[in-house]
Amino acid sequence: MKFFVDTADVDEIRDLAATGMVDGATTNPSLVAKTGRDFFEVLREICDIVDGPVSAEVTATEHEAMTAEGRKLAAFADNIAVKLPMTWDGLKTCRVLSQSGIQVNVTLCFSANQALLAAKAGAAFISPFIGRLDDAGHDGMELISDIVAIYDNYDFDTEVLVASVRTANHVKDAAKIGADVCTLPPGVLRSLIGHPLTDKGLAAFLADWEKTGQSILKAEDGT
Ligand code: E4P
């Protein structure tokens, strides 16, 4: 499973990219607004840090304008994936941009039929928002199962990019289903490593080692 980071905070992305766990990044207008910074300046920095796809969202809502914005974003860096909303104009734009070789991420997906439409429009990624579905009393992970099954049935190449992820369990469950990508808020990505028995075990190893009075680097081992 690929991990993308779901933030426009460049410091967070740089820090997490150093772990080798970051395969891409996703932004949206709300995440960019949260930084208080210039959109293209932020985008430049993210594209320089992250090798994989960096999703940048159009803000136009009409097909011609969406296409123009999408082309401008795609020309900005080689690794841009143009993010388009799940609307008929968005799908028309997805088809046009995909046919010209631009990677498109169709966002704000809340149903399996929407995901089917995005795949038929040639999207490289579909972004089902599981956390927002859970918040609304639905089962976000059931949607991931449905989309993975449907895409498998028809051999669609569109990658299932699990979005609106809230917890480490979301990541585990999406991986069990076989989703292609999870885009993770930095806090969720960091939480994946946590286990109290790891902390407890390491503390015990270090305490026992301390009692020996030895040091690996200071030891005379003949090297
Ligand atoms: C990702 O592409 C989405 O923009 C993001 O995951 C939305 O998450 P939220 O529901 O926490 O805002």
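Residues numbered from 1 in each chain as written. Predicted model: local features only at pLDDT ≥ 70, side-chain atom pairs only at ≥ 80, totals over all residues. Heavy atoms only, no water.

Bringing the sheet that holds strand E1 (residues 2-6) into the picture now. Strand order in the closed barrel formed by eight strands is E1-E2-E3-E4-E5-E6-E7-E8, with parallel pairing between adjacent strands. Within this sheet the neighbouring strands show an average axis-to-axis angle of 30 degrees, counted without direction. Direction of pairing for E1 relative to strand E8 (residues 181-184): parallel, over a ladder of four bridges. Counted as the bridge partner of Phe-4 is Thr-183 from E8. Strand contacts of helix H6 (residues 112-120): strand E5 (104-109) and strand E6 (125-128), with the helix running at about 165 degrees to E5, the strand carrying the most contacts. (Pairing = 2+ DSSP bridges. Helix = DSSP H or I, 4+ residues; strand = E, 2+ residues; numbered from the N terminus. Axes fitted to C-alpha atoms, helices over the stretch in contact; angles between N-to-C directions. Contact = heavy atoms within 4.5 Å.)

Okay, a negative patch on the surface next. Together, Asp-152, Asp-155, Asp-157 and Asp-180 give the surface a local cluster of negative charge. Topologically, Asp-180 is positioned in the loop between helix H9 (168-177) and E8. (Patch = residues over 30% accessible without salt bridge, like charges linked within 9 Å, V, L, I, M, F, W, Y side chains within 5 Å. Areas by Shrake-Rupley, 256 points an atom, 1.4 Å probe, with all protein chains shown as cover. Salt bridge = Lys/Arg side-chain N within 4 Å of Asp/Glu carboxyl O. Lys, Arg positive; Asp, Glu negative; His and termini not counted. Charge placed at Lys NZ, Arg CZ, Asp CG, Glu CD.)

This paragraph deals with the pattern of salt bridges. Within this structure, the stated rule accounts for nine salt bridges. Arg-14 is paired through a salt bridge with Asp-11; the nearest N and O atoms lie 3.4 Å apart. With Arg-14 and Asp-11 both in helix H1 (residues 10-17) and three residues apart, the pair spans about one turn of that helix. Given the relative accessible area of 43%, Arg-14 is considered partly exposed. (Buried < 20%, exposed > 50% of the residue type's maximum accessible area, 1.4 Å probe, protein only.)

Once that is clear, we can look at the site of the ligand. In the vicinity of the ligand, the contacting residues are Asp-6, Thr-26, Asn-28, Lys-83, Phe-129, Arg-132, Ala-163, Ser-164, Arg-166 and Thr-183. One of the side-chain N or O atoms of Asp-6 is found 2.6 Å from an oxygen atom in the ligand. Between the ligand and Arg-132 there is a distance of 2.6 Å, counted from an oxygen atom to a side-chain nitrogen or oxygen. Protein chains bury 84% of the 340 Å² of accessible surface belonging to the ligand in isolation. (Near = heavy atom within 4 Å. Polar contact = N/O pair within 3.5 Å; in protein donor to acceptor, adjacent residues only side chain to side chain.)

Here we take up the nonpolar core. Val-82, Ile-126, Val-160 and Val-162 are the most contacted members of the largest nonpolar core, which has 59 residues in total. Sort the elements by how many residues they give to this core and helix H8 (residues 140-154) lands first, with six residues. Ignoring anything within four residues of it in the chain, the contact list for Val-82 reads Ala-56, Val-58, Gly-70, Leu-73, Ala-74, Leu-97, Ile-102, Gln-103, Val-104 and Asn-105. Listed in part, the five residues of the second largest apolar core include Phe-4, Ala-81, Phe-125 and Val-181. (Core = buried A, V, L, I, M, F, W, Y, C linked by side-chain atoms within 4.5 Å.)

A separate point is the packing of aromatic side chains. Taken as a whole and assessed by the stated rule, the structure comprises six aromatic pairs. Relative to Phe-125, the ring of Phe-4 has its centre 5.9 Å away and its plane inclined at 75 degrees; by these criteria the two rings are edge-to-face. In this pair, Phe-4 sits in strand E1 while Phe-125 sits in strand E6, placing the two residues 121 residues apart along the sequence. Just as Phe-4 is buried, Phe-125 falls in that class too. When the centroid spacing of 5.1 Å and the interplanar angle of 50 degrees are considered together, the rings of Phe-39 and Phe-40 count as tilted. The class for Phe-39 is partly exposed, based on a relative accessible area of 23%. Note that Arg-44 overlies the ring of Phe-76, its terminal NZ or CZ placed 4.1 Å from the centroid. (Phe/Tyr/Trp six-rings, centres within 6.5 Å; stacked < 30°, edge-to-face > 60°. Lys NZ or Arg CZ within 6 Å of the ring centre and 35° of its normal.)

Summarising burial for strand E4 (residues 80-85): six of the six residues are buried, a large majority. Neither face of E4 is exposed, since Ile-80, Val-82 and Leu-84 on one face and Ala-81, Lys-83 and Pro-85 on the opposite face are all buried. Strand direction decides the pairing type here: strand E3 (residues 54-57) and E4, joined by four bridges, are parallel. Looking at the pairing, Glu-57 lines up with Lys-83 of E4. Both E4 and E5 contribute to a ladder of four bridges, which runs parallel. The residue bridging Leu-84 from the neighbouring strand is Val-106, located in E5.

That is the geometry; function is a separate question.
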